[in-house]
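Examining the three-dimensional arrangement
One-letter residues, chain by chain:
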Amino acid sequence: MSVAPDTSLVKSAERTVRILELLAASPGRLTVSELQERTGYPRSSLHALVRTLRDLKWLDADDAASAFTVGPHALLAGTSYLDRDPALPHAYQTLEDLRAELGYTIHYARRDDAHVLYLASREARDAVRVIPRVGRRLPIHLTALGHAMLADLTAAEVDEILPDQLESYTEHTLTDRAAMRDQLDAVRSAGWAFEREQGTAGIACIATTVAYRIPATDAVSCSMPAKLAEPDEVERVAEAVVRHTDRLAATLRRAGIR
């Protein structure tokens, strides 16, 4: 006799993950009322889930136990993902080599549906204000990393991935789908992506994919002050990023990493 699946357990798991993702994306703590407003979950079950997650140290509460953020055990899970990824030990050396050659900040990221997830970073040698990127998740249309990975997909696949409304982060963010298609055509033609202040004011980025998977899931980028992104410097940076990233992709393929 077959046993029907316990959908309540599946629902609880889905709600737990949703709570953790909301808190991880929030710049500050959220109250139960704010979580309920954003999720629509019944208050009684939300209270029980939050209390359980706090007791298990997946959530951290303020002194009044009225507002919450992710807890230390969430870090354990995230670190475990990084520790077990077979591509990252090779990628770390590429990031070091690129920073040594260019002097700018270098990122390694992976596509996560309609987002890019930052897995590793090396800050510029003269960085004064360091904003940690590892573990951050940004909409894919904002970044050169995202453009590089989207350009490796078909037009139909891009349309399926991108949301109906492309959120604007700066006055330069591409929010028009036709303009985004033109941008991706330019990436395919050049072999690398370039964006100026589309995701962050004052910053320009050059990126290319790590072609050890088809289509590519990973990319490397170089971030630089937008005021320095003159044509000659962009070409110099793009050549270095493509050269080092091609070498990384060949290393990963030889190692049998897919």
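Shown above is the structure to which this text applies.
Residues numbered from 1 in each chain as written. Predicted model: local features only at pLDDT ≥ 70, side-chain atom pairs only at ≥ 80, totals over all residues. Heavy atoms only, no water.

1. Let's talk about the overall build of the protein chain
Secondary structure summary: the protein chain contains 9 helices and 9 strands in total. Its C-alpha atoms give the protein chain principal-axis dimensions of roughly 60 × 50 × 40 Å. Taking the contacts inside the protein chain whose residues are at least 6 apart along the sequence as the reference set, 56% of them involve residues at least 24 apart. On the protein chain, roughly 14,000 Å² of surface is accessible, and the fraction owed to carbon and sulfur atoms is 53%. Side-chain charges of the protein chain comprise 31 positive and 37 negative groups, with the mean position of each set lying 5 Å from the other. (Helix = DSSP H or I, 4+ residues; strand = E, 2+ residues; numbered from the N terminus. Contact = heavy atoms within 4.5 Å. Areas by Shrake-Rupley, 256 points an atom, 1.4 Å probe, with all protein chains shown as cover. Lys, Arg positive; Asp, Glu negative; His and termini not counted. Charge placed at Lys NZ, Arg CZ, Asp CG, Glu CD.)

2. Observations regarding helix H2 (residues 32–39)
Those residues of H2 lying buried are Val32, Leu35 and Thr39. Seen end-on, H2 carries its buried residues on one side only, within an arc spanning 60 degrees. Where H2 terminates, the next one or two residues include Gly40, which has phi positive at roughly 80 degrees. (Buried < 20%, exposed > 50% of the residue type's maximum accessible area, 1.4 Å probe, protein only. Arc of directions from axis to C-beta.)

3. Some points on unusual backbone geometry
Here the bond from Ile214 into Pro215 is cis, since omega is -10 degrees, no more than 30 degrees from zero. Note on placement: Pro215 falls in the loop between strand E8 (203–209) and strand E9 (218–225). At Lys57, a residue that is not glycine, the phi angle is positive and equals roughly 70 degrees. The topology assignment puts Lys57 in the loop between helix H3 (43–55) and strand E2 (59–61). Of note in the backbone geometry, Asp113 takes a positive phi value of approximately 55 degrees without being a glycine. Along the chain, the position of Asp113 falls in the loop between strand E4 (105–112) and strand E5 (115–122).

4. Comments concerning the sheet that holds strand E3 (residues 67–70)
The 3 strands are arranged E1-E3-E2 in an open sheet whose pairing can be described as antiparallel. A single partner strand is all that each edge strand has here, and the edge strands are strand E1 (30–31) and E2. Judged from the 2 bridges that link them, E1 and E3 form a sheet pairing that is antiparallel. Residue Thr31 lies in a different strand from E3, and its bridge partner there is Ala67. Packing against the sheet, H3 makes contact with E2 and E3, and its axis sits at approximately 95 degrees to E2. (Pairing = 2+ DSSP bridges. Axes fitted to C-alpha atoms, helices over the stretch in contact; angles between N-to-C directions.)

5. Quick word on the sheet that holds strand E6 (residues 137–139)
Spatially, the 6 strands line up as an open sheet ordered E6-E5-E4-E9-E8-E7, and their pairing is antiparallel. Edge positions in the open sheet fall to E6 and strand E7 (193–196), since each of these has one partner strand only. With strand direction ignored, the average angle separating the axes of adjacent strands in the sheet is 30 degrees. Taken together, the 3 bridges between E5 and E6 define a ladder with antiparallel strand orientation. What sits directly across from Val116, in E6, is Leu138. Helix H9 (residues 231–254) contacts E4, E7, E8 and E9 of the sheet and is inclined by roughly 35 degrees relative to E8.

6. Description of the packing of H2 against H3
Where H2 meets H3, the axes come as close as 10 Å, and the angle between the chain directions of the two elements is 120 degrees. Considering their axes alone, H2 and H3 lie oblique with respect to each other. Read as a crossing pair, H2 and H3 show a hand that is right-handed. Of the residues in H3, those in contact with Val32, Ser33, Leu35 and Gln36 of H2 are Arg43, Leu46, His47 and Val50. (Parallel < 35°, antiparallel > 145°, perpendicular 65-115°, else oblique. Left-handed = near helix turned anticlockwise from the far one by under 90°.)

7. Focus on the pairing of E3
Note that E2 and E3 share 3 bridges and pair antiparallel. What sits directly across from Leu59, in E3, is Val70.

8. Looking at the nonpolar core
Ranked by internal contacts, the top residues of the largest apolar core, which has 30 residues, are Leu102, Tyr108, Val210 and Val237. Put simply, the parts of the chain that give this core at least two residues each are helix H5 (88–102), E4, E5, E8, E9 and H9. Looking at this core element by element, the count peaks at 8 residues for H9. Those residues in contact with Leu102 that lie beyond four places of it in its chain are Cys222, Arg236, Val237, Ala240 and Val241. Val158, Ile161, Cys205 and Ala207 belong to the second largest nonpolar core, which has 25 residues in total. (Core = buried A, V, L, I, M, F, W, Y, C linked by side-chain atoms within 4.5 Å.)

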